[in-house]
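Topology and contacts: notes
These are the residues of each chain, in order.
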Amino acid sequence: MSVLPNRDRQAERREATRREIVDAAWEIARRDGLAAVTLREVAAMIGMRSPSLYSHFDSKNAIYDAMFGQAWTLYLDEMRRHELPEQPREALLSIAEHFFAFSLADPARYQLLNQHAVPGFTPSEAAYAPSVEVMGLLQEIVRGLGVTDGADVDLFLALCGGLLDRQLANEPGGDRWLKQLPRVIDMLADEVGLPGPTLRSSR
């Protein structure tokens, strides 16, 4: 008969409290903006005294750090599960649309991850690690599609990021710039010589 290891209930409770704190911080950021996240506001939301919260996070930036790492980990998991079409142009478009959907679903999260929206905040190495994994996985995927030059990958990111920034800044609930993605991917695909029918003619 196997014996299960003893559970560290204190560590489990501590981790649950940290998750509750981070969830509260996201709620504040989505409601009032990232700058509104403070230790006092988070503590009040979850019914905890500020000194007790310091035993879990010693600063506001430590909370941002946990939020940053959590969000990139979530996207990395989604990216790994995302199934791509076989045709290279369609696959590139699917990657872009997937990131658009992830970003538009939570503008506060996008701001923290991609826009340096919090003055003085720099993610820790541990929090930054999943974003590095995302980039490594992206490069591996697009190389398999035929986009092998690093500068071309940079161009893909810049084009998609530019459209996404315009969408969030000017029409966060719409699709004006989202609808430009097939055209932009065709332009990039033509530039790098990817085969396949144009996306604009298939939509």
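Our subject is the structure that appears above.
Given the structure is predicted, the values throughout are model-derived calculations rather than measurements. (Residues numbered from 1 in each chain as written. Predicted model: local features only at pLDDT ≥ 70, side-chain atom pairs only at ≥ 80, totals over all residues. Heavy atoms only, no water.)

**Concerning the environment of Asp 186**
- You can see Asp 186 is positioned in helix H9 (residues 181-192).
- Asp 186 gets classed as buried once you look at its relative accessible area, which sits at 0%.
- In sequence terms Asp 186 and Gly 174 are twelve residues apart; their C-alpha atoms lie 22 Å from each other. (Helix = DSSP H or I, 4+ residues; strand = E, 2+ residues; numbered from the N terminus. Buried < 20%, exposed > 50% of the residue type's maximum accessible area, 1.4 Å probe, protein only.)

**What to know about the layout of surface pockets**
- Looking at the largest pocket, its volume works out to about 710 Å³.
- For the lining of the largest pocket, the elements supplying multiple residues, two or more each, are helix H4 (60-81), helix H5 (88-104), helix H6 (107-114), helix H7 (125-145) and helix H8 (150-170).
- Among the elements that make up the lining of the largest pocket, the one with the highest residue count is H7 (six residues).
- A class-by-class count of the residues in the lining of the largest pocket yields 23 nonpolar, seven polar and one charged. (1 Å grid on protein atoms, 1.4 Å probe; cavity = no way out; pocket = protein on both sides within 12 Å on 5 of 7 lines; lining within 4 Å. Points joined across faces, edges and corners; volume = space filled by probe spheres on them. Nonpolar A, V, L, I, M, F, W, Y, C, P; charged D, E, K, R; others polar.)

**Considering the pattern of salt bridges**
- Applying the stated criterion to the full structure yields six salt bridges.
- Salt-bridge contacts for Arg 80 lead to Glu 133; the nearest nitrogen and oxygen are separated by 2.9 Å. In this pair, Arg 80 sits in helix H4 while Glu 133 sits in helix H7, placing the two residues 53 residues apart along the sequence.
- With a relative accessible area of 52%, Arg 80 lands in the exposed category.
- Its relative accessible area of 40% is what places Glu 133 among the partly exposed residues.
- Between Asp 186 and Arg 89 there is a salt bridge, with its nearest N and O atoms 3.0 Å apart. (Salt bridge = Lys/Arg side-chain N within 4 Å of Asp/Glu carboxyl O.)

**Regarding the packing of H4 against H7**
- Interhelical geometry of H4 versus H7 gives an angle of 25 degrees and a closest axis separation of 7 Å. Looking at the two axes, H4 sits roughly parallel to H7. Pair H4 / H7 crosses with left-handed handedness. Residues Asp 65, Phe 68, Gly 69, Trp 72, Thr 73, Tyr 75, Leu 76, Met 79 and Arg 80 of H4 form the contact with H7, whose participating residues are Ala 127, Tyr 128, Pro 130, Ser 131, Glu 133, Val 134, Leu 137, Leu 138 and Ile 141.
- When grouped by side-chain class, the residues that make up the contact of H4 with H7 number twelve nonpolar, three polar and three charged. (Axes fitted to C-alpha atoms, helices over the stretch in contact; angles between N-to-C directions. Parallel < 35°, antiparallel > 145°, perpendicular 65-115°, else oblique. Left-handed = near helix turned anticlockwise from the far one by under 90°. Contact = heavy atoms within 4.5 Å.)

**Some details on the packing of H5 against H9**
- Relative to each other, H5 and H9 sit at 135 degrees, their axes nearing to 10 Å. With respect to H9, the axis of H5 lies oblique. H5 and H9 meet at a crossing whose hand is right-handed. For the pair H5 and H9, the contacting residues are Arg 89, Leu 92, Leu 93, Ala 96, Glu 97 and Phe 100 in the first and Leu 181, Pro 182, Ile 185, Asp 186, Leu 188, Ala 189 and Asp 190 in the second.
- Taken together, the residues of the contact of H5 with H9 sort by class into nine nonpolar, no polar and four charged.

**Overview of unusual backbone geometry**
- Its identity is not glycine, yet His 116 carries a phi of approximately 50 degrees, on the positive side.
- Of note, His 116 is situated in the loop between H6 and H7.
- For His 116, a relative accessible area of 77% corresponds to the exposed category.

**Points about H6**
- When H6 is considered as a whole, its buried residues turn out to be Ala 108, Arg 109, Tyr 110, Leu 112 and Leu 113.
- Residues of H6 that are buried make contact with helix H1 (9-32), H4, H5 and H8.
- With its phi angle positive at about 50 degrees, His 116 sits one or two positions after the end of H6.

**Some words on the nonpolar core**
- Grouped together as the largest cluster of nonpolar side chains are 58 residues, with contacts concentrated most on Val 42, Ile 63, Met 67, Leu 92, Leu 112 and Phe 156.
- Listing elements by their share of this core, those giving two or more residues are H1, helix H2 (39-46), H4, H5, H6, H7, H8 and H9. (Core = buried A, V, L, I, M, F, W, Y, C linked by side-chain atoms within 4.5 Å.)

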